[in-house]
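Coordinate inspection notes
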Number of protein chains: 2
Amino acid sequence: MEAPTPDEPVTVAAADWPRASADPRYRAAVVDLLGALAYGELAAFERLAEDAKLAPTVTDKAALARMAAAEFHHFEQLTERLRQIDEDPVTAMEPFAAPLEEFHRLTAPSDWLEGLVKAYVGDAIAADFYREVASRLDTDTRSLVLGVLDDTGHASFAVEKVRSAIEAEPRVGGRLALWARRLMGEALSQAQRVVADRDALSTMLVGGVADGFDLAEIGRMFSRITEAHTKRMAALGLSA
Amino acid sequence: MEAPTPDEPVTVAAADWPRASADPRYRAAVVDLLGALAYGELAAFERLAEDAKLAPTVTDKAALARMAAAEFHHFEQLTERLRQIDEDPVTAMEPFAAPLEEFHRLTAPSDWLEGLVKAYVGDAIAADFYREVASRLDTDTRSLVLGVLDDTGHASFAVEKVRSAIEAEPRVGGRLALWARRLMGEALSQAQRVVADRDALSTMLVGGVADGFDLAEIGRMFSRITEAHTKRMAALGLSA
């Protein structure tokens, strides 16, 4: 057979879902990704709604409730997509429930400002991660992920609140800087647990080949996200 | 002046908002009503989101989160309407925060089934109340209130869950019947507090004249709502 290869592989990023998902490893990775994102949104909904109770005013309470409702709608989009591709959302989410619940258990805010910083940090890290992963995805999954991302950013009001709290009482800044560092630490520690457990997902995240993923590349992705976090915290008046 | 009265009053139910709100007492009553409904929706959001934590499965958790998000959207519609008529939503909600918080404080569910019964009962009582009040409203306010009502009914899934729990363990029924009775009792007790405090609202609720409201008619409205509740509870297998 000297004929030119008829099935020159198209890169995933240029393929649509029907084409890309013909590779069972890619399919498994996307199901993992959608499951992780969906459970993440549901858990974020719960925590934001709970933090709304700490709000000092009805306006603040409503702002946090609005963020929570937005997370819930992301959850619905992601689970709807899983159903469309004939996957059970509950089964897809299951592997990620424990690390996400553990993250939230270990980072329960003790007051309103900690809740705001967590909402802001969580939103921003999620957006960074969505952007990192989007380039690895087929066109259909990418537009879903970017659509969900597009709709975030409700947390920007948190910036203003945190800034004025630090201005009013600079000592607050030190405590919140430690808190932001702890949030990032716990997020990374749970993310590493997921990377270790979910081969297909991790391989896709770094654009690796299916028979092994590049741990160093995963490390670089985490570094980029951490650096972006550090810059954001500095802009917020929190040297992380 | 023997000429026919030129300003033969139009009944409120036939007037639109600009016409009906020319009466400052009617206007005050509607601002109260929208404030009470808005805070009620926000409080319901918070409690449903909190109850979602008690859910035994991710599917159940998502169902309660869906109800919570729907309540939040009602909250947004109601506060948006207050802004449209140049009223500050926070000021309008303020008088109703204490009775609503007190209601929820006194009726915190101790488990998933109590949470479901509360979601169902709360949804149904709210719908009954919206329907009772709708006929007293100007056409614009009525379409808002009926629109918000139209979007409820998410609680019906609760019926199925509660029924099957009682079938599996009939003893559960007795406990939940007591619980439903307590919910209704606390709701009425807070409602009576509101009636005593808010003259304009109470007067409008019974279609009374502005210089005094008919306490007996308020009592009859509460009776109708209580009867509907009792029938629903019986249908659910809970003799209230």
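On a predicted model such as this, the values are computed, not experimentally measured, just so you know. (Residues numbered from 1 in each chain as written. Chains lettered and ligands numbered in written order. Predicted model: local features only at pLDDT ≥ 70, side-chain atom pairs only at ≥ 80, totals over all residues. Heavy atoms only, no water.)

**Describing the packing of helix α2 (residues 24–51) of chain A against helix α5 (residues 112–134) of chain A**
Residues and elements named next belong to chain A.
- Interhelical geometry of α2 versus α5 gives an angle of 165° and a closest axis separation of 11 Å. By the criterion of interaxial angle, the relationship of α2 to α5 is roughly antiparallel. Pair α2 / α5 crosses with left-handed handedness. Residues Leu 33, Leu 37, Glu 41, Leu 48 and Asp 51 of α2 pack against Trp 112, Gly 115, Ala 119, Phe 129, Tyr 130 and Val 133 of α5.
- Looking at side-chain class alone, the contact of α2 with α5 contains eight nonpolar, one polar and two charged residues. (Axes fitted to C-alpha atoms, helices over the stretch in contact; angles between N-to-C directions. Helix = DSSP H or I, 4+ residues; strand = E, 2+ residues; numbered from the N terminus. Parallel < 35°, antiparallel > 145°, perpendicular 65-115°, else oblique. Left-handed = near helix turned anticlockwise from the far one by under 90°. Contact = heavy atoms within 4.5 Å. Nonpolar A, V, L, I, M, F, W, Y, C, P; charged D, E, K, R; others polar.)

**What to know about the side chain of Glu 41 of chain B**
All names here are of chain B.
- Following the sequence through the fold, Glu 41 ends up in helix α2 (residues 24–52).
- A distance of 3.3 Å separates a polar atom in the side chain of Glu 41 from a polar atom in the side chain of His 74.
- One polar contact links Glu 41 to Tyr 130, side chain to side chain, over a distance of 2.9 Å.
- Aside from chain neighbours lying at most four places away, what touches Glu 41 is Glu 71, His 74, Phe 75, Leu 78, Tyr 130 and Val 148. (Polar contact = N/O pair within 3.5 Å; in protein donor to acceptor, adjacent residues only side chain to side chain.)

**Considering helix α8 (residues 171–197) of chain B**
Residues and elements named next belong to chain B.
- Given a rise of 1.5 Å per residue, 27 residues ought to cover 39 Å, and the 40 Å separating the end C-alpha atoms of α8 matches this to within 8%.
- Among the residues making up α8, those that are buried are Val 172, Gly 173, Leu 176, Ala 177, Trp 179, Ala 180, Leu 183, Met 184, Glu 186, Gln 190, Val 194 and Val 195.
- Buried residues in α8 make contact with α4 (89–106), α5 (112–134), α7 (156–168), α9 (199–205) and α10 (215–235). (Expected span 1.5 Å × (residues − 1). Buried < 20%, exposed > 50% of the residue type's maximum accessible area, 1.4 Å probe, protein only.)

**Side note on the environment of Ala 191 of chain A**
Residue and element names in this part refer to chain A.
- Secondary-structure assignment places Ala 191 in helix α8 (residues 171–197).
- Here Ala 191 falls in the partly exposed class, since its relative accessible area comes to 24%.
- The spacing of Ala 191 and Phe 222 is 31 residues in sequence and 9.0 Å in space, taken between C-alpha atoms.

**A closer look at the pattern of salt bridges**
Residues and elements named next belong to chain A.
- Summed over all chains, the structure comprises 34 salt bridges over all chains.
- Asp 111 is the partner of Arg 175 in a salt bridge, and the nearest nitrogen-oxygen pair spans 3.0 Å. Placement of the pair is Arg 175 in helix α8 and Asp 111 in the loop between α4 (89–106) and α5, with a sequence separation of 64 residues.
- Residue classification places Arg 175 among the partly exposed residues on the basis of a relative accessible area of 34%.
- Here Asp 111 falls in the partly exposed class, since its relative accessible area comes to 23%.
- Between Asp 128 and Arg 131 there is a salt bridge, with the nearest N and O atoms lying 3.4 Å from each other. Placement of both Asp 128 and Arg 131 in helix α5 is noted, with a separation of three residues, approximately one turn of the helix.
- Judged by relative accessible area, Asp 128 falls into the buried class, the value being 12%.
- Via salt bridges that share partners, Glu 132, Glu 217, Arg 220 and Arg 224 belong to a single interconnected network. (Salt bridge = Lys/Arg side-chain N within 4 Å of Asp/Glu carboxyl O.)

**Quick notes on the interface of chain B and chain A**
- The interface is formed by 22 residues belonging to chain B together with 22 residues belonging to chain A.
- Interface area for chain B against chain A, summed over the two sides, is near 1900 Å², with a carbon-plus-sulfur share of 69%.
- When the buried area of chain B at its contact with chain A is split by residue, Phe 45, Glu 46 and Val 58 of chain B rank highest and sum to 24% of it.
- Run the count over chain B and chain A and you get six salt bridges.
- Close ionic contact of Arg 66 of chain B with Glu 76 of chain A constitutes a salt bridge, the shortest N to O distance being 2.6 Å.
- Taken together, the connections running from chain B to chain A amount to eight residue pairs in polar contact (both at pLDDT 80 or more).
- Elements with a minimum of two residues in the side of chain B that touches chain A: α2, α3 (58–84) and α4 of chain B.
- Sorting elements by how many residues they give to the side of chain B that touches chain A places α3 of chain B first, with twelve residues. (Buried area = accessible area lost by both parts, 1.4 Å probe.)

**Here we look at the packing of α4 of chain A against α8 of chain A**
All names here are of chain A.
- One way to put it is that α4 packs onto α8 with a least axis distance of 10 Å and a crossing angle of 165°. If you check the angle between α4 and α8, you find them roughly antiparallel. Helix-helix and strand crossings are classified by hand; for α4 and α8 the assignment is right-handed. In this structure, α4 uses Phe 96, Ala 98, Pro 99, Glu 102, Phe 103 and Leu 106 to contact α8, whose residues at the interface are Arg 182, Leu 183, Glu 186, Ala 187, Gln 190, Arg 193 and Val 194.

**Brief notes about the relation of the copies chain B and chain A**
- In screw terms, the move from chain B to chain A is a rotation of 180° and a rise of 0.0 Å along the axis, fitting with an RMSD of 0.0 Å. Taken together, the rotation angle and the small translation identify this as a two-fold axis. Among all residues of chain B, the one whose C-alpha sits closest to the rotation axis is Ala 69 of chain B, at a distance of 2.5 Å.
- In this assembly, 100% of the residues forming the interface of chain B have copies in chain A that are likewise at the interface, indicating an isologous arrangement. (Least-squares fit on C-alpha atoms with pLDDT ≥ 70 in both.)

**Description of the packing of aromatic side chains**
- Taken as a whole, this structure holds seven aromatic pairs over all chains when the rule is applied.
- Aromatic pair Trp 17 of chain B and Tyr 26 of chain B: ring centres 6.2 Å apart, planes at 50°, arrangement tilted.
- Within the aromatic cluster, the residues linked to one another by ring pairs are Phe 45, Phe 72 and Phe 75 of chain A together with Phe 45, Phe 72 and Phe 75 of chain B. (Phe/Tyr/Trp six-rings, centres within 6.5 Å; stacked < 30°, edge-to-face > 60°.)

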